[in-house]
There are 2 protein chains.
Amino acid sequence: MHDAPAFTAFPLDRGELLRRDAGALAALAVRPDARIAPFWRLKPLVREDGGAPAIAHLPGDRFEHASTEVVFLGIDPAGAPVLAAALDAEAEPAGLVPSARFMELREAAAAGMDAGEASILAAARSALAWHATHRFCSQCGAPSTLAHGGWKRLCPACGTEHFPRVSPVVIMLITRGDHTLLGRGPSWPERFYSCLAGFMEPGETIPDAARREAKEEAGVVLGEVSFLMSQPWPFPSSLMLGVRAEALTEEIVLDPLELADARWFSRAEVEAVFAGTHPLARAPHPVAVAHHLLKWWLESLR
Amino acid sequence: MHDAPAFTAFPLDRGELLRRDAGALAALAVRPDARIAPFWRLKPLVREDGGAPAIAHLPGDRFEHASTEVVFLGIDPAGAPVLAAALDAEAEPAGLVPSARFMELREAAAAGMDAGEASILAAARSALAWHATHRFCSQCGAPSTLAHGGWKRLCPACGTEHFPRVSPVVIMLITRGDHTLLGRGPSWPERFYSCLAGFMEPGETIPDAARREAKEEAGVVLGEVSFLMSQPWPFPSSLMLGVRAEALTEEIVLDPLELADARWFSRAEVEAVFAGTHPLARAPHPVAVAHHLLKWWLESLR
């Protein structure tokens, strides 16, 4: 179930040509085979039915609810349209689907939701979070409107087009000999350690960003940086860029605003972390790319 | 000079800790050794002096000009602060530095500007372009204010923090046997062909985005996708993610909104393109990552 990080198995054709056709989109959205995933406060509606959480869709021809935004997510392999709708209600809407409830996507993914469904909800959550925080034009301050099935906003006042934001983040498997550097943020739950990470800035290559973050957060100087894997992370809309980096220095100088602790873990310690027997640290959850970077490293040492 | 794509040689320490200290920043900016790079309408001021364009800096203690935004770019290896300032004037400001002029950064980089200087201007241009288009809070529509030396904006009305946008773009060396796929946009100058590219969307991995773009723009289905190199591209603030992809299909079906033409070029043809002897196409400029993807491919075939 967790051979890959979460949210990396998006199964729909995004149908970009369709997005340009408002009439076709409106017709798609009310088809009986259209599936609409309701969200409330960025939490998707899920059924549990005694097993892993699954999307509690509503069919397009029976969806009647005040929605702030509806986003067209794509067409599934059987030809059915899939959409997401942000419900407007102040109080949590009840009774939409019997026995379903609104659940944080992170929680649903960690509880074993199907990888394709979790990936659909990830794209939806990022798009809906973008709408929720971009209702006004950054260029002129006027209210903007949703367009292109939710993949654009238009400003009727100044004409600016806005597109959903994706924020690249470097996340680093930093190694020195058979040790790797893990840290924990000041507000993290107890015993959580993970790979260091940070948002990329304008004007940086991926290695530039990795070098800056390792230096800033932990005082560690990096040598070679190479790319390993990417993951969309919908909290709210990051692109995780997993890299491997060789440390040239060992001494750790913490930036206390960024990290409460950072330390070098030997391979044997990381194995204990994964086995749940390390006294200090627990492993990053398999939904997170850090889990897979560390697993990759353990396997590469064998 | 062009062994790497442009804008990949940023030589400053970005001094993120300093950014948090408004008093220290204000003192840095007026030091005699501080260098301020003026911009007007996103064009940097450059000297030519008969050679390649170079930044026409003003010293911090002599910089007196109405500026909309000043961005702290970092500290150079000699300890001197480097900043950029967007000049407010309606008409092009003259006489700031004798014989200097405002020039498009793309033009300056193509004319052989030092790689470190071009990279400094790239970070500056992206940050200044972000300020110019984000003077209002996307959350509530109120005017926002510059903070953290230009690496943040704050909304005094609703308290939202905004950070400079970096938009990831996949750019693809698509190959099939000894052929590669190049295309040209509908508005491109004559004979310009390059690798296909497109903005990533929320919910995508890098291979997802490559597959979607190749299918949408040219109807080509991709197999394996692997990462090659990244480049910041300051027009206005992209992160180019150069990938190699194997095509599983050959037939080209153009999306005429995206491409005026796309075709398969053999290795011999790409060599002719670089030699300037191809009847149809000219090579992407060495400032662009596409140039380096194609060069990498030619060399990998040797």
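This text gives an overview of the structure that appears in the document. On a predicted model such as this, the values are computed, not experimentally measured, just so you know. (Residues numbered from 1 in each chain as written. Chains lettered and ligands numbered in written order. Predicted model: local features only at pLDDT ≥ 70, side-chain atom pairs only at ≥ 80, totals over all residues. Heavy atoms only, no water.)

1. Points about the interface of chain B and chain A
Contact with chain B, which involves 47 residues of that partner, is made by 47 residues of chain A. The largest contributions to the chain B side of the interface with chain A come from Ser138(B), Arg165(B) and Pro202(B), which together make up 17% of the buried area. The tally of links between chain B and chain A comes to 10 salt bridges. Among the ionic pairs, Arg20(A) bridges to Glu258(B), the shortest N-O distance being 3.7 Å. At the surface where chain B touches chain A, the tally comes to 22 residue pairs in polar contact (both at pLDDT 80 or more). At the level of secondary structure, the elements contributing two or more residues to the side of chain B that touches chain A comprise helix H1 (16–19), helix H4 (115–133), strand S11 (167–176), helix H5 (206–218), strand S14 (222–233) and strand S15 (238–247) of chain B. Partitioning the side of chain B that touches chain A into residue classes produces 22 nonpolar, 12 polar and 13 charged. (Contact = heavy atoms within 4.5 Å. Buried area = accessible area lost by both parts, 1.4 Å probe. Salt bridge = Lys/Arg side-chain N within 4 Å of Asp/Glu carboxyl O. Polar contact = N/O pair within 3.5 Å; in protein donor to acceptor, adjacent residues only side chain to side chain. Helix = DSSP H or I, 4+ residues; strand = E, 2+ residues; numbered from the N terminus. Nonpolar A, V, L, I, M, F, W, Y, C, P; charged D, E, K, R; others polar.)

2. Side note on helix H5 (residues 206–218) of chain A
An α-helical turn contains 3.6 residues, so a residue and the one three or four places further along point in the same direction. All names here are of chain A. Taking 1.5 Å of rise per residue, the 13 residues of H5 would be expected to cover 18 Å, and the 18 Å separating its terminal C-alpha atoms lies within 8% of that figure. Within H5, 10 of the 13 residues are buried, which leaves the element mostly enclosed by the surrounding structure. Within H5, the full set of buried residues consists of Ile206, Asp208, Ala209, Ala210, Arg212, Glu213, Ala214, Glu216, Glu217 and Ala218. Where H5 starts, the residue carrying a side-chain oxygen 3.0 Å from the main-chain nitrogen of Asp208 turns out to be Thr205. In the stretch just after H5, Gly219 is the one whose phi turns positive, near 70°. (Expected span 1.5 Å × (residues − 1). Buried < 20%, exposed > 50% of the residue type's maximum accessible area, 1.4 Å probe, protein only.)

3. A closer look at the packing of aromatic side chains
Residues and elements named next belong to chain A. Taken as a whole, this structure holds 11 aromatic pairs over all chains when the rule is applied. Through pairs of rings, three or more aromatic residues link up here, namely Phe7, Trp233 and Phe235. In this structure, Lys295 packs its charged tip against the face of Phe274, placed 4.6 Å from the ring centre. (Phe/Tyr/Trp six-rings, centres within 6.5 Å; stacked < 30°, edge-to-face > 60°. Lys NZ or Arg CZ within 6 Å of the ring centre and 35° of its normal.)

It is worth stressing that arrangement in space is one thing and function is another; only the former is reported here.
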